[in-house]
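Spelled out, the chains give:
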Amino acid sequence: MNFDQARFSRDDEYEPLLSEKDSTTVEVDSDGVLPDDLTRDELTLPALSEPQLARHYTRLSQMNYSVELGPYPLGSCTMKYNPSFTEDVAADPNAGVHPDRSDRTIQGTLGLLHGLQEYLADIGGMDAVTLQPPAGAAGEFTGILVAKAYHESRDDDRSEIIIPSSAHGTNFASAAMAGYDVVELPSDDDGRVDMEALDAAISEETAALMLTNPNTLGLFERDIVDIAEMVHDAGGLLYYDGANLNALLGRARPGDMGFDIMHYNVHKTFATPHGGGGPGAGPVGVVEELAEFLPSPMVRETAAGYEQYEPESSIGKVHGFAGNWLVLVKAYAYIARLGDAGLADASAKAVLNANYLASQIDLEVPYGPFHHEFAATSGDRDAADVAKRMLDYGVHPPTTKWPELVSQAMLTEPTEVEDKASLDDLAHAFNAAYADSDEALETAPTKTSARRIDQVSAARNPRLSWQALGDGE
Amino acid sequence: MTAGNGRRVGSPYAPHTDADEEAMLDAVGVDSAEDLFDIPGEVRFDGEFGVDSADEQELRNAMADLFSRNEELTEFLGRGHHAHYVPALVDDLSRRSEFLTSYTQYQPEIAQGFLQVLFEYQSMLVELTGLPVANCSMYDAATALAEAALLANRLRRGASGHRVLVPEHLHEGRLGVLENYLDGAEMEIGEYPMDDGAVDVETLADLVDDETVMVYAETPTVRGVIEERLADISDLAHDNDALFCLGSDLVALALLEEPASVGADVVVGEAGALGLGTAYGMGLGIFATREEYLRQVPGRLVGVSEDSADMRAFTLTLQTREQHIRKERATSNICTNQAWVALRTAMHMAWLGPDRLVDLATQAVTDARDLAARLDELSGVKAPLYDRHHFREFVVRTDQPAPAITNDLAGRGFAVHALDDHHLQVCITDANADAADGLVAAFEEVI
């Protein structure tokens, strides 16, 4: 497959900035509206017509890769196809209501939220689910606050959260934000939780162990039942990071494995679009014993209809209102469209795709058996350079140099939406880039809108707005 | 199993043909995809979720039916979640799949388009706030406020205390989020009183001390009051080596005093009022600050660099602040953010341009004033309650019970919020202004 990304350029710039197309200063005349000293004097912004803006943004869109253009196998990101109809459903004018509306007048909205709470509880094997956290990391933070509230309710003061070294960076940051010390757990030779190290790490200070399963190498933590027992025996809770749930749909549930708290990344597993970095949603499920601590409000069904309520010992709020509503609507629609059979098939195909792709690439995959993702190594070649070269073959490269357990890691998650031909294109990109000359790797990419970008100078001399570019730019 | 829309078995979005699946299984060396699952029998799930698959058309109909259970009321609601008319261009272009279905820009060479939009968004915030650093987004105003408090606390590690002072009139969602974010840092929240709907600056002066790391004020307040003594509040904070954090929103910033000119160190607030419309509280948090706090900023930043062809290019930058590099020492745990909402907001601002943006903000003052005056003419009604300038919304005192009034108004097709037994809050924007006559008439009937 040949690929050339669109590139609009002139002189030493690609598409000009809005501010370079127009910069208009208007004087703010507040006469008769507000006293002069309460208003600003002037405002400078681009004043452009709609046709100019349409062209600006359309050109920029063409200088942006997306999952509708080709494979996007970023490990632990689950870049699957986002069904078009879910956008239309979320845009239903009846679906856009204000959070101050009374329950009685928004039964449709509350019905959807209640339905999604139930879907997610069933899928995760949990007893209660809050939809409020607006992202995966916010879900982690919420879950850890629930754990903290639980321990505090028992007058049990605990100070530590145990996290495997291969976990997502957000786990560490979320635990720290909740005020816990982080105890980092090494992996064993098989790439899984080191049971001896875990035994040594667990103590009466352990508030929770945060685990991703399958882990970030795609490996199922086979000792999960023992792990749960060890953590529970010490009075701790077990937290499930849902980033890799796409591997398990219909085959295993965190609740059945002994997890007490979990978050779901609906922008991963349930196909809501990533939108260039968000919005997502990170609902949190808990077992019965923890339900009273969930954020407020929750939605329940009564004889009179759906109503919002505050759980008895609620931790309070983790979002100003009820989270990322539009994202939740899309997730609901996706789950309802696929049903049991579709969800189970999605996981089967996601795991098959990862295994097939791995069988077709020349790079070594040191750990297995893996599920929906695998960590290949580019060996003595720089993984970041190989990734840049892959761009020239018209695919998005995997996550690089992470997890650190694998040197020069290329963490790859093709998801279920790629067919065999697309996986063969991906494999070709891997193999061709891996075999290319040093020069080809170092000068890559050459087919993308921009060539290799100097990240170091961007950080050394931060220019973060068009105002900072000055006239000399 | 055959692929295609309407298929009842399997995911309609997994495109494998039988022949392909066969060939792939052969290549892997297993008989079935089930053989690839390395899950111990004791934790295998053999049950069902009980969700039937649905075809697209029937599901769309079912969801339209579900949403039709929401009563069609014209909303005069605000309190931190505001809607303005969103132009078609925003829906149309933001839904281009190149934007909508892309990931965070970890490979900037292939993501210049989105990076440039985010850079332009940051730049518009810089213009509106007068502060030189703005990030690409926080989840909402509440989490942005909480992150500002954490930033203030990191900057003031040497302070003798860890207190944040917030106004008596603060949205309960913002206060709740702030409490949760500050708990882990062992910070505390102090509340200062309002006087006739605005900050009681004299009492605040008694409360600010060297244990204070941040003073937070809003304009407009959650009750729609335009704060008149921002510079005094800022001075109080700075005299005590505390940061001054100002909460506002993008439309208000186009008209009101520039935050930098009144001494704001951090500006937070809600931006979803432009670009998003009414979305059950979903929003976009703005976060802008001074250059000297750059390395303490939470969230993503887009910067300018050059590529190997010596062309100007955009990239995420200063990522060593972030969780994927710094882990538990990161400035925040935020990863997934509101990038696509920021894109929509930037498009909406660009569509308005400076003239119409200022007009929209001006209208928010005059429409609120006019509507309050009309309600004030009704017997048993005082509007606005506070003798202040207002932005978009205002409090109404009613002799009759407020909850009963909102109930009766709902019966006439209008949603208005009851603050307590004798106070309502009414919000007017270009999205509902054409229904103002109807609201006034309905009001007259129900009181």
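Residues numbered from 1 in each chain as written. Chains lettered and ligands numbered in written order. Predicted model: local features only at pLDDT ≥ 70, side-chain atom pairs only at ≥ 80, totals over all residues.

Draft legend 1. Structural detail: the sheet that holds strand 5 (residues 181–185) of chain A. Residues and elements named next belong to chain A. Here seven strands make up an open sheet; going across it, the order is 3-9-8-7-6-4-5 and the pairing mixed. Looking at which strands have only one partner, the edges of the open sheet turn out to be strand 3 (128–130) and strand 5. Recorded for the sheet is a direction-independent mean angle of 25° between the axes of neighbouring strands. Two elements, strand 8 (residues 261–264) and strand 9 (residues 284–286), share three bridges in a ladder whose sense is antiparallel. From the neighbouring strand, Ile261 faces strand 9, where its bridge partner is Val286. Sheet contacts for helix 4 (residues 107–124): strand 3, strand 8 and strand 9; angle to strand 3, the most-contacted strand, approximately 125°. (Pairing = 2+ DSSP bridges. Helix = DSSP H or I, 4+ residues; strand = E, 2+ residues; numbered from the N terminus. Axes fitted to C-alpha atoms, helices over the stretch in contact; angles between N-to-C directions. Contact = placed C-beta atoms within 7 Å.)

Draft legend 2. Main features of the interface of chain A and chain B. With 166 residues of chain A in contact, the opposing surface of chain B contributes 155 residues. It is helix 10 (residues 325–360) of chain A that contributes the most residues to the side of chain A that touches chain B, 21 residues altogether. The residue makeup of the side of chain A that touches chain B, split by class, is 86 nonpolar, 51 polar and 29 charged. (Nonpolar A, V, L, I, M, F, W, Y, C, P; charged D, E, K, R; others polar.)

Draft legend 3. Main features of the pairing of strand 14 (residues 409–412) of chain A. All names here are of chain A. On strand 14, burial covers both faces: Ala409 and Leu411 on one face and Met410 and Thr412 on the other are all buried. Both strand 12 (residues 374–377) and strand 14 contribute to a ladder of four bridges, which runs antiparallel. Within the sheet, the bridge partner assigned to Ala376 lies in strand 14 and is Met410. Judged from the two bridges that link them, strand 13 (residues 399–400) and strand 14 form a sheet pairing that is antiparallel. Counterpart to Thr399 in the pairing with strand 14 is Leu411. (Buried ≥ 20, exposed ≤ 12 C-beta atoms within 10 Å, placed from the backbone.)

Draft legend 4. Representation of the domain arrangement of chain B within the structure. According to the domain assignment, chain B consists of domain 1 (18–67), domain 2 (74–85 + 352–446) and domain 3 (88–346). Of note, the centres of domain 1 of chain B and domain 3 of chain B, computed from C-alpha atoms alone, are 42 Å apart. (Domains from an automatic or database assignment.)

Draft legend 5. Highlighting the domain arrangement of chain A. You can read the domains of chain A as domain 1 (18–64), domain 2 (84–337) and domain 3 (339–458). The straight-line distance from the C-alpha centre of domain 1 of chain A to that of domain 3 of chain A is 42 Å.

Draft legend 6. Seen up close, the environment of Ser332 of chain B. In this structure, Ser332 of chain B sits in the loop between helix 11 (323–326) and helix 12 (339–376). Residue Ser332 of chain B is classed as buried on the basis of its C-beta count, with 28 C-beta atoms lying within 10 Å. Linking Ser332 of chain B and Gly299 of chain B, residues 33 residues apart in sequence, is a C-alpha distance of 6.9 Å. With residues near it in sequence (within four places) discarded, Ser332 of chain B still touches Ala173 of chain A together with Glu147, Pro298 and Gly299 of chain B.

Draft legend 7. Expanded view of the sheet that holds strand 9 (residues 266–270) of chain B. Residue and element names in this part refer to chain B. The sheet built from seven strands is open, its strands ordered 2-10-9-8-7-3-4 with mixed pairing. The sheet is open, and its two borders are formed by strand 2 (133–134) and strand 4 (188–192), each paired with just one other strand. Against the sheet, helix 9 (residues 230–239) touches strand 7 (212–218) and strand 8 (243–249), its axis set at about 150° to strand 8.

Draft legend 8. Representation of the UniProt feature "domain: Glycine dehydrogenase C-terminal" (unreviewed entry) in chain A. When the UniProt feature table is mapped onto this chain numbering, "domain: Glycine dehydrogenase C-terminal" (unreviewed entry) sits at residues 346–439 of chain A. The span residues 346–439 of chain A is 45% helical and 11% strand by assignment, and the distance between its end C-alpha atoms comes to 40 Å. (UniProt positions renumbered as here; feature names shortened; annotations may be inferred.)

Draft legend 9. Spatial organisation of the confidence of the model for chain B. Per-chain confidence: chain B averages 96 in pLDDT, with 98% of residues scoring 70 or above. In this model, residues 1–8 of chain B is a region of pLDDT below 50 whose contacts with residues beyond four sequence positions or in other chains number 12 contacts. (pLDDT = per-residue confidence, 0-100.)

Draft legend 10. Representation of the pairing of strand 16 (residues 417–420) of chain B. Residue and element names in this part refer to chain B. Alignment of strand 16 against strand 17 (residues 423–427), held across three bridges, turns out to be antiparallel. Bridged to His417 within strand 17 is Gln425. Counting the residues in the hairpin turn of strand 16 and strand 17 gives two residues.

Draft legend 11. Quick look at the UniProt feature "domain: Aminotransferase class V" (unreviewed entry) in chain A. Those places that UniProt annotates as "domain: Aminotransferase class V" (unreviewed entry) correspond, in this numbering, to residues 145–275 of chain A. Along residues 145–275 of chain A the backbone is 30% helical and 21% strand, and the end-to-end C-alpha distance reaches 28 Å.

Draft legend 12. View of the environment of Asp20 of chain B. Here Asp20 of chain B lies in helix 1 (residues 18–28). The exposure class of Asp20 of chain B is partly exposed, given the 17 C-beta atoms found within 10 Å. The residues touching Asp20 of chain B, leaving out its near neighbours within four places in the chain, are Asp419 and Lys420 of chain A.

Draft legend 13. Expanded view of helix 8 (residues 224–233) of chain A. Residues and elements named next belong to chain A. Residues of helix 8 that are buried include every one of Ile224, Ile227, Ala228 and Val231, and no others. Taken around the axis of helix 8, the buried residues stretch over an arc of 100°, which confines them to a single face. Next to the buried residues of helix 8 lie helix 7 (195–201), strand 6 (206–212), strand 7 (237–242) and helix 9 (254–257). Immediately downstream of helix 8, the backbone of Gly235 shows phi near 85°, a positive value. (Arc of directions from axis to C-beta.)

Draft legend 14. Expanded view of the nonpolar core. Formed by 322 residues in total, the largest nonpolar core has its most connected members in Tyr239 and Ile261 of chain A together with Ala149, Met214 and Val215 of chain B. In this structure Val215 of chain B touches Leu165, Val208, Ile233, Leu236, Ala237, Ala242 and Phe244 of chain B, once residues within four positions along its chain are discounted. (Core = buried A, V, L, I, M, F, W, Y, C linked by C-beta atoms within 7 Å.)

Draft legend 15. Looking closely at helix 14 (residues 436–446) of chain B. Residues and elements named next belong to chain B. For helix 14, every residue scored as buried is listed here: Leu439, Ala442 and Phe443. Viewed along the axis of helix 14, the buried residues span an arc of 105°, placing them on a single side of the element. Relative to its buried face, helix 14 has exposed residues pointing more than 90 degrees away, namely Asp437, Ala441 and Glu445. Where helix 14 is buried, its residues touch helix 12, helix 13 (402–411) and strand 15 (414–415).

Draft legend 16. Representation of the packing of helix 5 (residues 136–153) of chain A against helix 6 (residues 169–177) of chain A within the structure. All names here are of chain A. Taken N-terminus to C-terminus, the directions of helix 5 and helix 6 make an angle of 40°; their axes are 9 Å apart at the nearest point. What the angle tells us is that helix 5 and helix 6 run oblique. The handedness of the crossing between helix 5 and helix 6 is right-handed. On the side of helix 5, the interface is formed by Gly136, Ala137, Glu140, Phe141 and Ile144, while helix 6 contributes Thr170, Asn171, Ser174, Ala175 and Met177. Its residues placed into classes, the contact of helix 5 with helix 6 shows five nonpolar, four polar and one charged. (Parallel < 35°, antiparallel > 145°, perpendicular 65-115°, else oblique. Left-handed = near helix turned anticlockwise from the far one by under 90°.)

Draft legend 17. Examining the packing of helix 10 of chain A against helix 1 of chain B more closely. For the pair helix 10 of chain A and helix 1 of chain B, the least separation of the axes is 9 Å and the interaxial angle reads 60°. The orientation of helix 10 of chain A relative to helix 1 of chain B falls into the category oblique. Where helix 10 of chain A crosses over helix 1 of chain B, the two elements pack in a sense that is left-handed. Where helix 10 of chain A approaches helix 1 of chain B, its residues Leu352, Asn355, Tyr356, Ser359 and Gln360 of chain A are matched on the opposing element by Met24, Ala27 and Val28 of chain B. Looking at side-chain class alone, the contact of helix 10 of chain A with helix 1 of chain B contains five nonpolar, three polar and no charged residues.

Draft legend 18. Main features of unusual backbone geometry. Pro445 of chain A follows Ala444 of chain A through a cis peptide bond whose omega is 0°. The topology assignment puts Pro445 of chain A in the loop between helix 13 (438–443) and helix 14 (455–460). In this structure, Pro220 of chain B follows Thr219 of chain B across a cis peptide bond, with omega equal to -5°. As for its placement among the helices and strands, Pro220 of chain B is situated in the loop between strand 7 and helix 9. The phi dihedral of Asp196 of chain B is positive, around 55°, even though this residue is not glycine.

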